[in-house]
Amino acid sequence: DGGITQSPKYLFRKEGQNVTLSCEQNLNHDAMYWYRQDPGQGLRLIYYSQIVNDFQKGDIAEGYSVSREKKESFPLTVTSAQKNPTAFYLCASTGGAAGIVTGELFFGEGSRLTVL
Amino acid sequence: AQKITQTQPGMFVQEKEAVTLDCTYDTSDQSYGLFWYKQPSSGEMIFLIYQGSYDEQNATEGRYSLNFQKARKSANLVISASQLGDSAMYFCAMTSLEAGGTSYGKLTFGQGTILTVHP
């Protein structure tokens, strides 16, 4: 079945360590996104990529990095520079690098990161 | 800048009854899209319904309808005939649409409303 796979579902990290969250999609979508969700809050955009080898900062990019070497993959690295990384991270994708009609996002099941 | 406000932290409804979840928005854009997503306790985000700012008719998708009042900048979600499986967090979101009605998936989300359906 087509969809978005995020791994790991749960991740624990010690302070000062970088961690990478995986996001893979087989929907043949051009655009991919990373959102962060804190308890009781809505989602905030971290980074997005509309086409391979290109990505843009979202509203809260500081302390994060991404790469887009393949259409199917958009990994997110949470660096030690991120002051408060404990959160739920959601990856999403949508079709059409030039934009799509409605903007509907397809989401993965999320990765929950806890910093000890 | 865009802003979404959901003023109901939690809502309760009896099974089989209808419920309205409120959403107001603020934007200076002339063309925009409005969304509702459902987030069950498992965490995934499920797309429910979409309304474009130039759509004259309110969007409907099965038991979901969007009560779009452009002048009041509101986009309330109406769920008819509530089911126990509707218990979840519900998010209202919006995006700015480029000329031609396209979007880049950069959504602004509200803080959500937790809906609990009682048997």
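Quick notes on the rules
Residues numbered from 1 in each chain as written. Chains lettered and ligands numbered in written order. Predicted model: local features only at pLDDT ≥ 70, side-chain atom pairs only at ≥ 80, totals over all residues. Heavy atoms only, no water. Helix = DSSP H or I, 4+ residues; strand = E, 2+ residues; numbered from the N terminus. Contact = heavy atoms within 4.5 Å. Lys, Arg positive; Asp, Glu negative; His and termini not counted. Charge placed at Lys NZ, Arg CZ, Asp CG, Glu CD. Buried < 20%, exposed > 50% of the residue type's maximum accessible area, 1.4 Å probe, protein only. Pairing = 2+ DSSP bridges.

Draft legend 1. Structural context of the overall build of chain B. The secondary structure content of chain B amounts to zero helices and twelve strands. Across its three principal axes, chain B shows a C-alpha extent of roughly 45 × 25 × 20 Å. Sequence separation of 24 or more characterises 56% of the internal contacts of chain B that already satisfy a separation of 6 or more. Treating the 8 positive side-chain charges of chain B as one cloud and the 11 negative ones as another, the clouds have centres 4 Å apart.

Draft legend 2. Representation of the pairing of strand β12 (residues 113–118) of chain B in the model. Residues and elements named next belong to chain B. Burial of β12 is one-sided: the residues T113, L115 and V117 facing one way are buried, the residues I114, T116 and H118 facing the other way are not. Note: strand β2 (residues 10–14) against β12, five bridges, orientation parallel. Residue pairing for β12: G10 is matched across the bridge by I114. Here strand β10 (residues 88–96) runs beside β12; their pairing, made up of three bridges, is antiparallel. Directly across from A88, in β12, lies its bridge partner L115.

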